[in-house]
Structure formats: structure tokens, C-alpha cells
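Chains, contacts and geometry: an overview
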Amino acid sequence: MTVCFFGDGAMAEGEFHESVNLAALWDLPVLFVCENNLYAMGTALEFSHAQTDLALRASSYGLTSWAVDGMDVVAARTAAQQRRRLGAKRGRPALLEMRTYRLRAHSMYDAERYRSRDEVRQWRQRDPVQVMAAELVASGVCTDDELAALDADAMAWVDQAVAFAEAGTPEPVDDLTRFVTSNGQWRDPSLRTPVGDDPGIPVGGPGGTPDDKPDNVDVS
Ligand SMILES: Cc1ncc(C[n+]2csc(CCOP(=O)(O)OP(=O)(O)O)c2C)c(N)n1
Ligand SMILES: [Mg+2]
């Protein structure tokens, strides 16, 4: 199963609607996970979406669509596990709208003039990482020291990843559109990948006409 993560900002774009429509039409095992944190950069949800219930909106494409309290770690995990299990069994797409909040600015250039400090302060009280940590300590699952060690471990991972990225070599500019758009290879018989006995999903989809299908697929 493919899991696809994106923000509320991406859900306002046409590609989202095309992708969900085809996934539902062709019964593709994709779990779409929308992190709805109420802002797309500095634009509040209600200024860019006519229907702000994103799970409801997605359900119109005929897939199972759930809204989850994204500030609740256990609820988010349980919903994701259930959807993944069901999706793997039935091969159908589904969408989870994780209702959450962006506690930080969108980027270092974002002065956050579009929301009040009080709003951020109120949401910060529900910070899922802090709430979960407090619950783990209160229920005796781990101690403050163990949590501090986990935190240090995570920071070390991030530092390592940054050092790895900074030591790497830049990708060639020519690779920028590789795997993004067709380079026309499928039209050239000598460059086609043999499909063997498995024709895969034809370009026209299960209901497509033979003319829709690439000519490396046997439709006889
Ligand atoms: C295809 C495309 N369209 C527009 C943009 C410009 N853009 C950058 S971030 C952003 C908003 C993203 O919103 P969201 O996914 O909710 O992220 P958040 O602000 O919550 O981090 C937009 C429209 C882009 N980077 N790519
Ligand atoms: Mg957002």
C-alpha cells in the first residue's frame, strides 16, 4: 500500500483532486493522509477552502474518508493502523484528515502576522509531543530522564542527517525532471520494459478502451 502525506495547502490544488479521483476509480491501494494544520503558509483554511471539512470533501470521490484528532498521538496511530490493514485487505484507497495545528511559523521568513499569539498559546497546551510525554511519565511507562535521553538521541539523528546532506554532492540539473514527466520512452519499442504475464494497470484503467492502453500491453 502506498501512503501519501500532504498538507491542507496541497488539498486546494487540482492535482490532489485528480489523484484521489483516479485512485477511487481504479481501486488503488493508496492511503492519503492530509495534515490539516489550519494554515497553508499564511493563508487560513477558511480563506481558501469553501468546504473546510476536508474529510467530507474527499468522501465525495467515493473513498472512505475519516477525520482524526491529529493532536492525539494514540488516536492518530490507531486510525492509521486500521486504515492500513483494511486498505491492504481490500485494495481500496482511503483518506485520513489529521486535524492538527502548526505550532511554528511556516518558514524562517514567516513573521506570523496572520494569527494571534494567544491562538498559538492555546494550541500549544495541546502539543501532542508534550501531552504524550506527560502521559507516559504519569502512567509510569518511562521517566523524565529516559525522555530526555530519547530527545537527545533524536537531535543526534537530525545532526547526522544534516551533516550527511551538507557533505553530499548536488544532483545534476538534468535530473530535475527525471521520473516527473514521460520522456517518451514507452513509444520506442526497443526501450520498453517487458511486462511478462502481468500487464499491470493499463493506462486507460480497468474500464478504459484498448485505444487508451500503451501498446506494450497485450489487450487481446
Ligand atoms: C505545486 C506548488 N504550488 C504552490 C507552491 C507554493 N507553496 C509553498 S508552501 C504552500 C502552502 C503549503 O501549505 P501546507 O501544505 O498546508 O503547509 P504548511 O503551511 O501547513 O506547512 C504553497 C502554496 C508550491 N511550493 N508548490
Ligand atoms: Mg497547512
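Residues numbered from 1 in each chain as written. Chains lettered and ligands numbered in written order. Predicted model: local features only at pLDDT ≥ 70, side-chain atom pairs only at ≥ 80, totals over all residues.

**Re the site of ligand 1**
In the vicinity of ligand 1, the contacting residues are G7, D8, G9, A10, N37, Y39, A40, M41, R102 and H106. Taken together, the residues of the shell around ligand 1 sort by class into four nonpolar, four polar and two charged. (Near = placed C-beta within 6 Å. Nonpolar A, V, L, I, M, F, W, Y, C, P; charged D, E, K, R; others polar.)

**Some words on the confidence of the model for the chain**
Of the residues in the chain, 82% reach a pLDDT of 70 or more, and the chain-wide mean stands at 86. Considering only residues more than four positions removed or in separate chains, one finds that residues 197-220, a stretch of pLDDT under 50, has 26 contacts. (pLDDT = per-residue confidence, 0-100. Contact = placed C-beta atoms within 7 Å.)

**Remarks on unusual backbone geometry**
A positive phi angle, close to 55 degrees, is found at M41, a residue other than glycine. Topologically, M41 is positioned in the loop between β3 (39-40) and β4 (43-44). Classification of M41 as partly exposed rests on a count of 13 C-beta atoms within 10 Å. (Helix = DSSP H or I, 4+ residues; strand = E, 2+ residues; numbered from the N terminus. Buried ≥ 20, exposed ≤ 12 C-beta atoms within 10 Å, placed from the backbone.)

**Here we look at the sheet that holds strand β6 (residues 94-99)**
Within the open sheet, the four strands sit side by side as β1-β2-β6-β5. Their pairing is parallel. The strands lining the two open edges of the sheet, one partner per strand, are β1 (2-7) and β5 (64-69). Going from strand to strand, the sheet's axes swing by 20 degrees on average, the running direction of each strand aside. Across six bridges, strand β2 (residues 30-36) lies against β6 in parallel orientation. (Pairing = 2+ DSSP bridges. Axes fitted to C-alpha atoms, helices over the stretch in contact; angles between N-to-C directions.)

**Observations concerning the nonpolar core**
Residues V20, F32, C34, L63, L95 and L96 are the most contacted members of the largest nonpolar core, which totals 17 residues. Residue assignment for this core shows that the elements contributing at least two residues are α1 (14-25), β2, α3 (54-59) and β6. Ignoring sequence-local partners within four residues, the contact set of V20 consists of F32, A58, Y61 and L63. (Core = buried A, V, L, I, M, F, W, Y, C linked by C-beta atoms within 7 Å.)

**So, the pairing of β5**
Here β5 pairs with β6 via six bridges, running parallel. Within the sheet, the bridge partner assigned to W66 lies in β6 and is L96. As a crossover connection, the stretch from β5 through helix α4 (residues 73-90) into β6 is right-handed. (Right-handed = clockwise from strand over helix to strand, strands pointing away.)

**Some thoughts on the environment of R99**
Turning to its location among the elements, R99 is positioned in strand β6. What R99 contacts, discounting residues up to four positions off in sequence, is N36, A67, V68, D69 and G70.

**Side note on the pairing of β6**
Along β6, six of the six residues are buried, which leaves the element largely enclosed by surrounding structure. Along β6, one buried face is formed by A94, L96 and M98 and the opposite face, lined by L95, E97 and R99, is buried too.

**Here we look at the environment of L28**
Its location among the elements puts L28 in the loop between α1 and β2. Residue L28 is classed as partly exposed on the basis of its 19 C-beta neighbours within 10 Å. Taking the C-alpha atoms as reference, L28 lies 5.5 Å from R92; in sequence the two are 64 residues apart. Discounting residues that sit within four places of it in the chain, L28 has contacts with A23 and P93.

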